[in-house]
Amino acid sequence: RSGAGRCPRCCARRSWTELGSNTWDELGGIEFGPSFRWMARVAATLSEKASVMSELVAPKGWAQRALRVPVELLDSLFQTAMLIEKKKQLQGEFMAPFAIARVLVAGGRFESGSGTVLAETQIEDEEQKGGSSITVSMKAQQRSGLLVIVERLTLVKASREAFLVA
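Just so it is clear, the structure is predicted and the values come from calculations on it, not from any experiment.

A. Here's a closer look at the environment of Val136. Within the secondary structure layout, Val136 lies in strand 6 (residues 133-142). A relative accessible area of 0% means that Val136 is categorised as buried. When the C-alpha positions of Val136 and Ile123 are compared, they lie 4.4 Å apart, and in sequence the two are 13 residues distant. Those residues within four positions of Val136 in sequence are excluded, and the remaining contacts are Ala81, Thr121, Gln122, Ile123, Glu124, Glu151, Arg152 and Leu153.

And the structure:
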């Protein structure tokens, strides 16, 4: 295993893509405000077990708060699951978080001056129940010592209207 904040050897073998502002326009039709746009670069593979490596960086103008793990960082981890969904041609469907088996936070706290958070997202189960859900697990590390592990996040197809405020 690599140390906190260090890129694993597998990163060198991946082709990294810089993300532009249009990325968020293509993530399941969800509108993300500027403070939730942390994904800077991604590297995806579609091998036996689909995975996405991503570099998460606090956006310009974002203000550090008292939380050990910013809500926006956790949301960005959830967004990486939608990148796998998009890569596997499941895009166009609105997928909402439904269940999480476990969240582990260890080490230090997020520090905006400590650089990139390196995250890896892997599919655990896909297209259960007729393609209506996908389950992923995520791991994120930062040089500050922060480690966040999200085990078995299940996203389900949902109606966008159920999440719209009237």
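Still to come is the rest of the account.
B. Representation of the pattern of salt bridges. A full pass over the atoms with the stated rule returns four salt bridges. For the salt bridge of Arg102 with Glu151, the shortest nitrogen-to-oxygen distance reads 3.0 Å. One end of the pair, Arg102, is in strand 4 (residues 95-106); the other, Glu151, is in strand 7 (residues 147-157), and 49 residues separate them in sequence. According to the relative accessible area criterion, Arg102 is partly exposed, its value standing at 43%.

C. Here's a closer look at the nonpolar core. One finds Leu56, Leu73, Leu77 and Met138 to be the most contacted residues of the largest nonpolar core, which totals 28 residues. Counting residues per element, the ones that place at least two in this core are strand 2 (39-45), strand 3 (51-56), helix 2 (71-87), strand 5 (117-127), strand 6 and strand 7. If you tally residues by element for this core, the top one is helix 2, at six residues. Beyond its immediate chain neighbours, meaning those up to four positions away, Leu56 contacts Trp38, Met39, Leu73, Ser76, Leu77, Thr116, Val117 and Ala119.

D. Main features of the environment of Ser132. Examined against the element boundaries, Ser132 turns out to sit in the loop between helix 3 (128-131) and strand 6. For Ser132, a relative accessible area of 26% translates into the label partly exposed. Between the C-alpha atoms of Ser132 and Lys157, which are 25 residues apart in sequence, the distance is 5.3 Å. Those residues in contact with Ser132, other than ones at most four positions away along the chain, are Met95, Leu155, Val156 and Lys157.

E. Summary view of the side chain of Thr121. Positionally, Thr121 belongs in strand 5. Overall, Thr121 belongs to the buried group, its relative accessible area being 0%. In this structure the side chain of Thr121 is engaged in a polar contact, spanning 2.5 Å, whose partner is the side chain of Thr80. Not counting residues within four places of it along the chain, the set of residues in contact with Thr121 comprises Ala50, Ser51, Val52, Leu77, Thr80, Ala81, Ile84, Val136, Ser137 and Met138.

F. How the structure looks around unusual backbone geometry. If you check the backbone angles, Arg152 has positive phi at about 55 degrees while not being a glycine. Checked against the element boundaries, Arg152 lands in strand 7.

G. Here's a closer look at the packing of aromatic side chains. Counted by the stated rule, this structure contains three aromatic pairs. On the numbers, 5.3 Å between centres and 55 degrees between planes, the contact of Trp38 with Phe110 is tilted. Pair noted here: Trp38 is in the loop between strand 1 (17-18) and strand 2 and Phe110 is in the loop between strand 4 and strand 5, with a separation of 72 residues, a long-range link. For the pair Trp38 and Phe110, one class covers both residues: buried. Relative to Phe110, the ring of Trp62 lies with its centre 5.7 Å away and its plane at 80 degrees, an arrangement referred to as edge-to-face. You can see Trp62 sitting in the loop between strand 3 and helix 2 and its partner Phe110 sitting in the loop between strand 4 and strand 5, a full 48 residues away along the chain. Overall, Trp62 belongs to the buried group, its relative accessible area being 13%. Phe110 sits in the buried class, given a relative accessible area of 1%.

So, how was this worked out
Residues numbered from 1 in each chain as written. Predicted model: local features only at pLDDT ≥ 70, side-chain atom pairs only at ≥ 80, totals over all residues. Heavy atoms only, no water. Helix = DSSP H or I, 4+ residues; strand = E, 2+ residues; numbered from the N terminus. Buried < 20%, exposed > 50% of the residue type's maximum accessible area, 1.4 Å probe, protein only. Contact = heavy atoms within 4.5 Å. Salt bridge = Lys/Arg side-chain N within 4 Å of Asp/Glu carboxyl O. Core = buried A, V, L, I, M, F, W, Y, C linked by side-chain atoms within 4.5 Å. Polar contact = N/O pair within 3.5 Å; in protein donor to acceptor, adjacent residues only side chain to side chain. Phe/Tyr/Trp six-rings, centres within 6.5 Å; stacked < 30°, edge-to-face > 60°.

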